[in-house]
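Working through the structure, step by step
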Amino acid sequence: MKTDRMTYSGVPTPCYIMEEEFLRRNLELIRSVADRAGVEVILAFKAFALWKSFPIFREYIRHTTASSVNEARLALEEFGSKAHTYSPAYTDRDFDVILSCSSYVTFNSLSQYERFYPRVKAYNAQHREETVSCGLRINPEYSEIEVELYNPCAPGSRFGVMASQLPEELPEGIDGFHYHCHCENSSYALEHTLQHIEAKFGSWLPRLKWLNLGGGHLMTRRDYDVDHLVGLLKGLRTRYPRLSVILEPGSAFAWQTGPLVASVVDVVENKGIRTAILDVSFTCHMPDCLEMPYQPAVRYAETLEPEAVKQSSSGEYVYSLGGNSCLSGDFMGSWRFDHPLVPGERIIFEDMIHYTTVKTNMFNGVSHPDIALLHTDGTLEYYRRFGYADYRDRMC
């Protein structure tokens, strides 16, 4: 079917719609950064893992990053290349499969390295044509992430090895360092982080083969200084010519590539607060909105701050938006519309492709929204439609 991209008329709701035009725009920019800076940029599955779109991705990038045995298998079996794998805690049950699906394995701690490196060494001895390169996650003890929930360098963090914990001579088989301390940050945050990395870990960097700068580099955001990023990466490679440099953003790939389209089911009012109840759930379908929290943009509506809500007149069309689960906190507000909302009306949540489809749940039996790709010719291709069997099978 074909649909109007401004209203998505005729599309049954709820539905995540990723637009191929915007996805390719992001991929082209990411590839240009990799080419200009002489680095590799790979896709982090934790933010986006719609495998039916991988044929498009493979036109622009070669590898992906995994954080679990399932993601590692997805990399090999669906993306067609072995994963750059990092997990806070590898288990005996999963590690052999992870080895067979990975080209890089990063350990979160020295104790995890000591436990599992003998198995890596034995694997490499048997598979000399496709050996696994090992690294350590380091903790630079610095981050510009404002939300503590998402800060992997907060005091007491479980992530990574601090410089004070590393021996002067790195353990056998450690080829690289990996860190992650950005979250939708600018290139200037990366500049400050690299200063801390070099100050704390500079004595080890010349001896390494690779350095993974992690994710959170939101290079596809409109105001991101891409030229500054390229300059930073070129400078890093000049200072450490032996290093292969890797970035693994998640959000940057799917940033502003499409919305979640919902419908109003009912409108209720309580003590002057009007709530439009939708056929989607913040708890089930947009959990980051409650975890962060942040209020998503709604097409054709004005996002209001609490003070603006207090100052609005009773005649204005101000609504809270409520989810369709029984959780009391499954709502957000407020938005100002230019007309009264009625059942059946479309509500379009902007920029809802990254960190949504990978985090949806079926609390309360609420079904996942459909997932579709809007091709450049206006044709809508459904990747997946969900029903009762998906809920039933998940619960057993």
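Residues numbered from 1 in each chain as written. Predicted model: local features only at pLDDT ≥ 70, side-chain atom pairs only at ≥ 80, totals over all residues. Heavy atoms only, no water.

Here's the deal with unusual backbone geometry
Using the following cut-off: Helix and strand assignments follow DSSP, with helices taken as H or I runs no shorter than four residues and strands as E runs no shorter than two, numbered in order from the N terminus. Exposed residues in this analysis have more than 50% of their type's maximum accessible area, buried residues have under 20%, and partly exposed residues fall in between, with area computed by a 1.4 Å probe over protein chains only.
Following T13, the chain continues into P14 via a peptide bond in cis, with omega recorded as 0 degrees. Looking at the secondary structure, you find P14 in the segment before β1 (15-19). Cis geometry is found at the peptide bond from G333 to S334, where omega equals 15 degrees. Along the chain, S334 falls in strand β15 (residues 331-337). Despite not being glycine, Y355 has its phi angle at roughly 55 degrees, a positive value. Structurally, the position occupied by Y355 is in the loop between β16 (346-349) and β17 (370-374). Note on Y355: relative accessible area 22%, which makes it partly exposed. Unlike most non-glycine residues, N364 shows phi in positive territory, near 70 degrees.

Some details on the pairing of strand β18 (residues 380-384)
Across a regular strand the side chains alternate sides, sitting on one face of the sheet and then on the other. Filter applied, for reference: Think of it this way: DSSP has to see at least two bridges between two strands before they count as a pair.
Sheet analysis places β17 next to β18, joined by four bridges and oriented antiparallel. Pairing of L374 across the sheet is with L380, part of β18. Hairpin connection of β17 to β18: five residues between the antiparallel strands, including G378 at a positive phi of 90 degrees.

Quick word on the pattern of salt bridges
Just so we agree on the cut-off: Throughout this description, the term salt bridge denotes a Lys or Arg side-chain nitrogen within 4 Å of a carboxyl oxygen of Asp or Glu.
All chains considered together, the criterion is met by 26 salt bridges. One salt bridge connects R115 with D92, and the closest N-O pair in it is separated by 2.7 Å. Separated by 23 residues along the polypeptide, R115 in helix α5 (residues 110-126) and D92 in helix α4 (residues 92-100) bring together distant segments of the chain. For R115, a relative accessible area of 44% translates into the label partly exposed. Judged by relative accessible area, D92 falls into the partly exposed class, the value being 43%. With its nearest N and O atoms 3.1 Å apart, the salt bridge here joins E291 to K359. Note that E291 is positioned in helix α10 (residues 287-291) and K359 in the loop between β16 and β17, a separation of 68 residues in sequence. Residues joined by salt bridges that share partners form a network here, namely D92, D96, R115 and R119.

A look at the sheet that holds strand β7 (residues 133-137)
The nine strands are arranged β2-β10-β9-β8-β7-β6-β5-β4-β3 in an open sheet whose pairing can be described as parallel. Each having just a single partner strand, β2 (40-41) and β3 (43-44) make up the two edges of the open sheet. Direction of pairing for strand β6 (residues 102-107) relative to β7: parallel, over a ladder of four bridges. The residue bridging V105 from the neighbouring strand is C134, located in β7.

Quick word on the packing of helix α6 (residues 187-201) against helix α7 (residues 226-239)
The test is simple: Working convention: axes come from line fits to C-alpha atoms, limited for helices to the stretch in contact. Angles between N-to-C directions cover 0 to 180 degrees. Geometric relationships in this document are graded by angle, where less than 35 degrees denotes roughly parallel, more than 145 denotes roughly antiparallel, 65 to 115 denotes roughly perpendicular, and other angles denote oblique. Should the near helix be turned counterclockwise from the far one by less than a right angle, the crossing is left-handed, whereas a clockwise turn marks it as right-handed. Note on definitions: a residue-residue contact is assigned when non-hydrogen atoms from the two residues lie within 4.5 Å.
Across the interface, α6 lies against α7 with an axial gap of 9 Å and an inter-helix angle of 20 degrees. In terms of their interaxial angle, α6 and α7 are classed as roughly parallel. Where α6 crosses over α7, the two elements pack in a sense that is left-handed. When α6 is examined against α7, the residues S187, Y188, L190, E191, L194 and E198 are found in contact with a partner set consisting of H228, L229, L232, L236 and R239.

Some words on the packing of helix α3 (residues 69-79) against α4
Filter applied, for reference: Note on residue classes: Ala, Val, Leu, Ile, Met, Phe, Trp, Tyr, Cys and Pro are nonpolar, Asp, Glu, Lys and Arg are charged, and everything else, Gly too, is polar.
Packing of α3 against α4 brings their axes to within 9 Å, and their N-to-C directions diverge by 20 degrees. Compared by their axis directions, α3 and α4 come out roughly parallel. The way α3 lies across α4 gives a crossing that is left-handed. Contact residues: V69, R73 and L76 in α3; D94, V97, I98 and S100 in α4. Looking at the contact of α3 with α4 residue by residue, the classes come out as four nonpolar, one polar and two charged.

Thoughts on the nonpolar core
Quick note on the threshold: Remark: nonpolar core denotes a set of buried residues (Ala, Val, Leu, Ile, Met, Phe, Trp, Tyr, Cys) joined through side-chain atoms within 4.5 Å.
Within the largest apolar cluster, 102 residues are counted, with the highest numbers of intra-cluster contacts made by F107, F177, L213 and F349. With residues near it in sequence (within four places) discarded, F107 still touches Y90, F95, Q112, Y113, F116, Y117, V120, C134, G135, L136 and R137. Counting nine residues, the second-largest nonpolar core is a separate cluster that includes Y8, V11, C15 and V261.

Brief notes about the environment of L290
Tracing the chain through its elements places L290 in helix α10. Remark: the alpha-carbon pair of L290 and H375, spanning 85 residues in sequence, is separated by 31 Å. When neighbours within four sequence positions are excluded, L290 is seen to be in contact with F282, T283, G329, F331 and M332.

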